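Summary of structural features
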Amino acid sequence: MHTILQHQVWIAFAVTFLAGLATVIGGALVLFFKQPSYRVLSFGLAFSAGAMVYVSLTEILNKSIQSFSQAFDAKYGFALGTFAFLFGVILVLLLDRFVPNPHETIEQQSSEDIDQRQLMRTGLLTLFAITAHNLPEGLATFFATLESPTLGAPLAVAIAIHNIPEGVAIALPVYMATGRKDLALGASFVSALAEPLGAALGYFILAPFMSFSVYGAVFGVIGGVMVFLALDELLPTAKRYAKGHETVYGLVTGMASLAISLVIFKFVS
C-alpha cells in the first residue's frame, strides 16, 4: 500500500513539473527573435496581458468563488471570492506605490529610446506575479493528480497551455532589456519551478492545513494581482512600444487564445 501511494506521489509530482515546463516553452520562443523588435515586444506583452486578464476573470476568480462556496454557501462564496480578488488588487497597488516607477520619464521618450530599467522592472514584476500564481496552480495540479490521474492530467494540460504565454510575458521584457537570451530563458525557468515547488509545499507542509477557504483566498488574491499587473504594467509598456495596432491585436489574440483553449479543454475533458 505504501509503495502504491509513493508511486502516485511521484506521478503527481511529474505531471506538475511537466505542466510548469510549458512556461519555459513560452520563454524559449524568444530564441527565434534574431534581433529586438518593438512590434513583437508590443504584441507579445499585450498578448500576455489579454491572456492573464481572461484567465484571471474567467478561471482563477471562479476557482476562488467555488472554493469559498464549498466552505460556506453560494452567496458567501461569491462575496468572499470577490473580496479576495479586490484584496489582491489592493495588495499589488500598495506594492506598486512603494516600488519606484519611472513612467514619467519614459513618457517623454520615443519607443527607440528604450528605458532598460523599466523593461527589466516589468519583466521582474511579471516574473514575481506569475511565479506566485504558479504556486497554487502546482498545488492544485498535484492534489488533483494524487486523487485521480484522470482528473489531474486534463487540468495539467490546461495549465500548460496557460503557461506558454506566461513564459513569453516573462522572457520578452527581460530579453529586450538585456539582449541576453540565456537570462530570458532562465527567468522563465525560475517561474516554471514554482509549480513543482507549490506541489512540494503542499505535500510536505501545507497538506494538513489546506481547506476550501485557503484555496479560495489564494486563488482570489492571485487573480487580483494578475489583473492589476496586466493593466498597470504589461498594457502600458506594450502601448509605449507599439508602431500601430499591435497592442489591441495582441490583447484580443491573447484573450481569444485562452478562450479557445478552455473551450477545447471542456470538450476533451
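About the cut-offs
- Residues numbered from 1 in each chain as written.
- Predicted model: local features only at pLDDT ≥ 70, side-chain atom pairs only at ≥ 80, totals over all residues.
- Heavy atoms only, no water.
- Helix = DSSP H or I, 4+ residues; strand = E, 2+ residues; numbered from the N terminus.
- Areas by Shrake-Rupley, 256 points an atom, 1.4 Å probe, with all protein chains shown as cover.
- Salt bridge = Lys/Arg side-chain N within 4 Å of Asp/Glu carboxyl O.
- Buried < 20%, exposed > 50% of the residue type's maximum accessible area, 1.4 Å probe, protein only.
- Expected span 1.5 Å × (residues − 1).
- Arc of directions from axis to C-beta.
- Patch = residues over 30% accessible without salt bridge, like charges linked within 9 Å, V, L, I, M, F, W, Y side chains within 5 Å.
- Core = buried A, V, L, I, M, F, W, Y, C linked by side-chain atoms within 4.5 Å.
- Contact = heavy atoms within 4.5 Å.
- pLDDT = per-residue confidence, 0-100.

The helix and strand inventory of the chain stands at ten helices and zero strands. For the chain, the succession of helices and strands along the chain, N to C, is α-α-α-α-α-α-α-α-α-α. A total accessible area of about 13,100 Å² is found for the chain, and carbon and sulfur atoms account for 73% of it.

Looking now at the pattern of salt bridges. Scanning all chains against the criterion turns up one salt bridge. For Asp 182, the salt bridge is made with Arg 180, and the minimal N-O distance between the two is 2.7 Å. Asp 182 gets classed as partly exposed once you look at its relative accessible area, which sits at 46%.

The end-to-end C-alpha distance of helix α7 (residues 181-192), which contains twelve residues, comes to 16 Å, matching closely the 16 Å that a straight helix rising 1.5 Å per residue would cover. Along α7, the positions that sit buried rather than exposed are Ala 184, Ala 187, Ser 188, Ser 191 and Ala 192. Down the axis of α7, the buried side of the element spans an arc of 145°, and every buried residue falls inside it.

Quick look at a nonpolar patch on the surface now. A cluster of nonpolar side chains, namely Ile 25, Leu 29, Leu 31, Phe 32 and Ile 164, defines an oily patch on the protein surface of about 460 Å² accessible area. The residue Phe 32 is located in the loop between α1 (2-28) and α2 (38-71) in this model.

Before going further, it helps to examine the nonpolar core. Within the largest apolar cluster, 43 residues are counted, with the highest numbers of intra-cluster contacts made by Leu 41 and Met 52. Broken down by secondary-structure element, the contributors of at least two residues to this core are α2, α5 (116-147), α6 (149-178), α7 and α9 (212-240). By residue number, the principal contributor to this core is α9, which donates twelve residues. Excluding anything up to four places from it in sequence, Met 52 contacts Ile 130, Met 226, Leu 229, Ala 230 and Leu 234. Counting residues in each nonpolar core, the second largest holds six residues, with Val 9, Ala 12, Phe 142 and Leu 146 among its members.

Once that is clear, we can look at the confidence of the model for the chain. Predicted coordinates in regions of low pLDDT should not be interpreted in detail. Looking at the chain, pLDDT values average 77 and 82% of them are 70 or higher. Mean pLDDT values over the elements of the chain span from 39, in helix α4 (residues 103-107), up to 88, in helix α3 (residues 74-98). When the criterion is pLDDT under 50, residues 100-113 qualifies, and its contacts beyond four places in sequence or with other chains add up to 23 contacts.

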